[in-house]
Amino acid sequence: MNSLSRHFALVMLLGSLAMAVPAQAQESFRAGFINTDRILREANSAKAASAKLEQEFTRREKDLVEMGNALKTASEKFEREAPTLAESQRAIRQRQLVDQDRDFQRKRREIQEDLNARRNEEYAALQERANKVVKQVAEAEKYDVILQEVAYINPKHDITDKVIKALNAAPAK
């Protein structure tokens, strides 16, 4: 709802600006639109960031899968052997399974938190670079405003491809 009201306010502001500007000045007013999600998905630096994150977390995720498989196997073994175990042995094995599961859940949370933090770092840097490129494109092509996250935009005002192309051409820092 907040997003909708923000978009409505922006549309109202642009509409009132268009009404206040003389007719000859309205013709020179240029607005563009960028799709940030596409930029963060399709730009070479976004793809490189995704590959870097995947490489960085592949081993940890593989270890987690192995840990989950070992827990599942131990649990299945316990289920098969539980009827024949003495009460004390059954209690010890149950406690071990609970401890293993707790460790597994903790490790999964840690990996997810680390991945989210690293993803946020990578995409914040990419977003910063993309914003600089958007500003450069806007200044070079004399846009008055560049919008993102709008309900509708005529495709002729979409400059996302230009921004992606310029971002791909710019050297990564």
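These numbers were taken from a predicted model, which means no experiment stands behind them.

A.B. asks: Just checking my understanding: could you explain the overall build of the protein for this structure?
C.D. replies: Scanning the protein from terminus to terminus reveals 6 helices and 2 strands. In sequence order, the protein lays out its α and β elements as α-α-β-α-α-α-β-α. Burial analysis of the protein (173 residues in total) assigns 23% to the buried set. Considering only intrachain contacts with a sequence separation of at least 6, the fraction spanning at least 24 residues in the protein is 81%. Only carbon and sulfur atoms are counted for the fraction: they give 55% of the accessible area of the protein, which is about 12,500 Å².

A.B. asks: Looking at this model, I keep getting lost on the pattern of salt bridges. Mind explaining?
C.D. replies: Applying the stated criterion across every chain, the model contains 15 salt bridges. Where arginine 118 meets glutamate 56, a salt bridge forms, and the shortest distance between an N and an O atom there is 2.9 Å. Residue arginine 118 is located in helix 5 (residues 87–140), and its partner glutamate 56 is located in helix 4 (residues 44–81); the two are separated by 62 residues in the primary sequence. Exposure remark for arginine 118: the relative accessible area of 16% places this residue in the buried category. Note that arginine 118 is salt-bridged to glutamate 122, the shortest N-O span being 2.9 Å. Of the two residues, arginine 118 and glutamate 122 both sit in helix 5, 4 residues apart, roughly one turn of that helix. Where salt bridges share partners, they join Lys52, Glu56, Arg118, Glu121 and Glu122 into one cluster.

A.B. asks: Can you help me understand the side chain of serine 45 in this one?
C.D. replies: Looking at the secondary structure, you find serine 45 in helix 4. With a relative accessible area of 17%, serine 45 lands in the buried category. Polar side-chain contacts of serine 45 include one of 3.3 Å to the side chain of arginine 129. What serine 45 contacts, discounting residues up to four positions off in sequence, is Leu126, Arg129, Leu167 and Asn168.

A.B. asks: Help me understand the nonpolar core in this model?
C.D. replies: Grouped burial of nonpolar side chains is what soluble globular proteins tend to show. Counting residues in each nonpolar core, the largest one holds 15 residues, and the members touching the most others are Ile34, Ile39, Val133, Val137, Ile159, Val163 and Leu167. Looking at this core, the elements with two or more residues in it are helix 5 and helix 6 (160–169). The contact partners of isoleucine 159, leaving out residues within four places of it in the chain, are Phe33, Ile34, Val137, Tyr143 and Ile146. Leu53, Leu64, Leu97 and Phe104 belong to the second-largest nonpolar core, a separate cluster that totals 11 residues.

A.B. asks: Honestly, the packing of aromatic side chains in this entry has me stumped. Any pointers?
C.D. replies: Ring pairs (aromatic) are described by centroid distance and by the angle formed between their planes. Counting across every chain of the model gives 0 aromatic pairs. The ring of tyrosine 143 has arginine 30 lying over it, and the distance from NZ or CZ to the ring centre is 4.2 Å.

A.B. asks: It is not clear to me how helix 6 should be interpreted in this structure. Could you clarify?
C.D. replies: The periodicity of an α-helix, 3.6 residues per turn, causes residues three or four positions apart to be oriented the same way. Every buried residue of helix 6 is accounted for by Thr160, Val163, Ile164 and Leu167. The buried residues of helix 6 occupy one face: seen down the axis, they fall within an arc of 100 degrees. Opposite the buried face of helix 6, at more than 90 degrees from it, the exposed residues are Asp161, Lys165 and Ala169. Contacts made by the buried residues of helix 6 are with strand 1 (31–34), helix 3 (36–42), helix 4 and helix 5.

A.B. asks: Which parts of the structure should I look at to understand helix 4?
C.D. replies: Between its first and last C-alpha, helix 4 extends 54 Å over 38 residues, near the 56 Å set by a 1.5 Å rise per residue. Of all the bends in helix 4, the largest measures some 40 degrees and sits at phenylalanine 57. Taken together, the buried positions of helix 4 are occupied by Ser45, Ala46, Ala49, Leu53, Phe57, Leu64, Gly68, Leu71 and Phe78. On the buried face of helix 4, the contacting elements are helix 3, helix 5 and helix 6.

The rules behind these values
Per chain, residues are indexed from 1 in the order of the written sequence. Totals for whole chains, interfaces and linings use every residue, but because this is a predicted model, local features are given only for residues with pLDDT of at least 70 and side-chain atom pairs only at 80 or more, for both listing and counting. Note that water and hydrogens are dropped before the side-chain values are worked out from all heavy atoms of the structure. Numbering of helices and strands starts at the N terminus; helices are DSSP runs of H or I of at least 4 residues and strands are runs of E of at least 2. Exposure classes here rest on a 1.4 Å probe applied to the protein chains alone. A residue is buried below 20% of its type maximum, exposed above 50%, and partly exposed in between. Contact between two residues is taken to exist if any of their heavy atoms lie within 4.5 Å; hydrogens are not considered. To measure how exposed things are, a 1.4 Å probe is used in the Shrake-Rupley method; for residues, cover is taken only from the protein chains shown. Salt-bridge detection follows one rule: a side-chain nitrogen of Lys or Arg within 4 Å of a carboxyl oxygen of Asp or Glu. Polar contacts, as counted here, are pairs of nitrogen or oxygen atoms within 3.5 Å of one another; within protein the pair requires one atom able to donate a hydrogen and one able to accept it, and residues that are adjacent in sequence qualify only if both atoms are side-chain atoms. Grouping buried Ala, Val, Leu, Ile, Met, Phe, Trp, Tyr and Cys residues that are joined through side-chain atoms within 4.5 Å yields what is termed a nonpolar core. By convention, a stacked pair of Phe, Tyr or Trp rings (six-membered ring in the case of Trp) has centres within 6.5 Å and planes under 30 degrees apart, an edge-to-face pair has planes over 60 apart, and any other such pair is tilted. Our definition puts a charge over a ring when NZ of Lys or CZ of Arg is within 6 Å of the ring centre and also within 35 degrees of the ring normal. This arc is taken over the directions from the axis of the helix to the C-beta atoms. Here, expected helix span is obtained from the residue count minus one, scaled by 1.5 Å. Fitting one axis to the seven residues ending at a residue and another to the seven starting there, the bend at that residue is the angle between the two axes.

Read these as geometric descriptors, not functional statements.
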